[in-house]
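An overview of the molecular structure
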Amino acid sequence: MAEPSVEADRTTLQTPAGVVRLVGIRDLPLSVDEVLAAVADPAAGGTTVFIGTVRSADGGREVNSLRYEAHPDAIVVLRDVAQEVAEKHDAIAIAAVHRTGLLAIGDLAVVVAVAAAHRGEAFAAGKELIDEVKARVPMWK
């Protein structure tokens with residue numbers, strides 16, 4: 001697999017030739033269309049997408065907004081998590097982006113997608129991907 005190229009903002013890694021096609025941590029609004037385009041592949045029979053949004057309550061407390069911060073190594077951990085999921089599952093393409101900064105209710109906080117030949121593998125890989133992102137990528141709210 002080719003080495004990932006880092007865009008000027010150093011928050012997005014793209015590896016168009018590999019399974020992990022897009023990982024990013026950004027302080028700008030996320031695009032579901034961008035994530036879906038990154039995993040689009042003629043060999044894929046199923047694509048799963050998870051979209052995490054800021055909700056209005058957490059643990060019985062009202063939420064008006066949310067601020068996410070990322071450790072400087074978060075992008076590397078995100079890429080590693082995506083690569084591990086790719087190696088474990090029969091995924092064709094994987095993409096994951098996470099937002100930082102101040103988010104309002106309803107804003108997209110995280111978007112992940114997995115394309116696979118069949119829906120079962122896409123669902124399994126997508127669930128593991130978002131679970132591992134939430135567990136391991138050093139992001140704080």
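Notes on the structure follow. Owing to the predicted nature of the structure, the values given are computational and were not obtained by experimental measurement.

Right, let's get into the pattern of salt bridges. This model, assessed by the stated rule, comprises 8 salt bridges. For the salt bridge of aspartate 131 with lysine 127, the shortest nitrogen-to-oxygen distance reads 2.6 Å. One end of the pair, aspartate 131, and the other, lysine 127, are both in helix H3 (residues 119–136), 4 residues apart, so they sit about a helical turn from each other. Linked by salt bridges that have partners in common, Glu84, Glu132 and Arg136 make up one network.

This part covers the packing of helix H2 (residues 74–88) against H3. As a packed pair, H2 and H3 sit with axes 10 Å apart at the nearest point and diverge in direction by 150°. Here H2 is positioned roughly antiparallel relative to H3, judged by the angle of their axes. Helix-helix and strand crossings are classified by hand; for H2 and H3 the assignment is right-handed. Along the contact surface, H2 presents Val77, Leu78, Val81, Ala82, Glu84, Val85 and Lys88, while H3 presents Ala125, Glu128, Leu129, Glu132, Val133 and Arg136.

Summarising the element assignment, threonine 48 is placed in strand S4 (residues 46–53). A polar contact is formed between the side chain of threonine 48 and the backbone oxygen of alanine 122, at a distance of 3.0 Å. The residues contacting threonine 48, other than those within four sequence positions of it, are Val112, Ala113, Val114, Ala122, Phe123 and Gly126.

Approximately 290 Å³ is the volume attributed to the largest pocket. In terms of lining, the largest pocket is formed by 16 residues, of which the most central are Thr53, Arg55, Leu66, Tyr68 and Lys141. The element that contributes the greatest number of residues to the lining of the largest pocket is S4, accounting for 3 residues. The residue inventory of the lining of the largest pocket, partitioned by class, reads 8 nonpolar, 2 polar and 6 charged.

Now for the sheet that holds strand S9 (residues 101–104). Here we have 3 strands laid out as an open sheet, ordered S9-S7-S11, and antiparallel in their pairing. Each having just a single partner strand, S9 and strand S11 (139–140) make up the two edges of the open sheet. Pairing of strand S7 (residues 65–70) with S9 involves 4 bridges; the strand directions are antiparallel. Bridged to serine 65 within S9 is alanine 104.

Attention shifts here to the environment of alanine 74. You can see alanine 74 is positioned in helix H2. Judged by relative accessible area, alanine 74 falls into the buried class, the value being 0%. Residues alanine 74 and proline 138 lie 64 residues apart in sequence; the distance between their C-alpha atoms is 5.4 Å. Alanine 74 has contacts with Ile25, Val137, Pro138 and Met139, leaving out every residue within four places of it along the chain.

Basis of the calculations
Each chain carries its own residue numbering, running from 1 in the direction its sequence is written. Local features in this predicted model are restricted to residues of pLDDT 70 or higher, and side-chain atom pairs are both shown and tallied only at a pLDDT of 80 or more, whereas totals for entire chains, interfaces and linings draw on every residue. Hydrogens are left out, water is left out, and the side-chain values use all remaining heavy atoms of the structure. When a carboxyl oxygen of Asp or Glu lies within 4 Å of a side-chain nitrogen of Lys or Arg, that pair is called a salt bridge. To qualify as a helix, a DSSP run of H or I must reach at least 4 residues; to qualify as a strand, a run of E must reach at least 2; elements of each kind are numbered from the N terminus. Note on method: axes are straight lines fitted to C-alpha atoms, helices fitted across the in-contact stretch only, with angles between N-to-C directions ranging 0 to 180 degrees. Every angle not falling under 35 degrees, over 145, or within 65 to 115 is termed oblique; those three ranges are roughly parallel, roughly antiparallel and roughly perpendicular. Two helices crossing with the near one rotated counterclockwise from the far one by less than a right angle form a left-handed crossing, whereas a clockwise rotation gives a right-handed crossing. The contact criterion used throughout is that any non-hydrogen atoms of two residues lie within 4.5 Å. Nitrogen and oxygen atoms within 3.5 Å of one another constitute a polar contact, given that in protein one can donate a hydrogen and the other can accept it, and given that sequence-neighbouring residues count only through two side-chain atoms. Buried and open spaces are told apart on a 1 Å grid over the protein atoms alone, a cavity being a set of points where a 1.4 Å probe fits but cannot get out and a pocket being an open set with protein on both sides within 12 Å along at least five of seven lines. Residues with an atom within 4 Å of a point are the lining residues. Grid points are joined across faces, edges and corners, and a volume is the space filled by probe spheres set on the points. Under the grouping applied here, Gly and all other residues not named as nonpolar or charged are polar, the nonpolar ones being Ala, Val, Leu, Ile, Met, Phe, Trp, Tyr, Cys and Pro and the charged ones Asp, Glu, Lys and Arg. When DSSP finds two or more bridges between two strands, those strands count as paired. Partly exposed describes any residue whose relative accessible area lies between the buried limit of under 20% and the exposed limit of over 50%, with all areas from a 1.4 Å probe on protein chains only and scaled to the type maximum.

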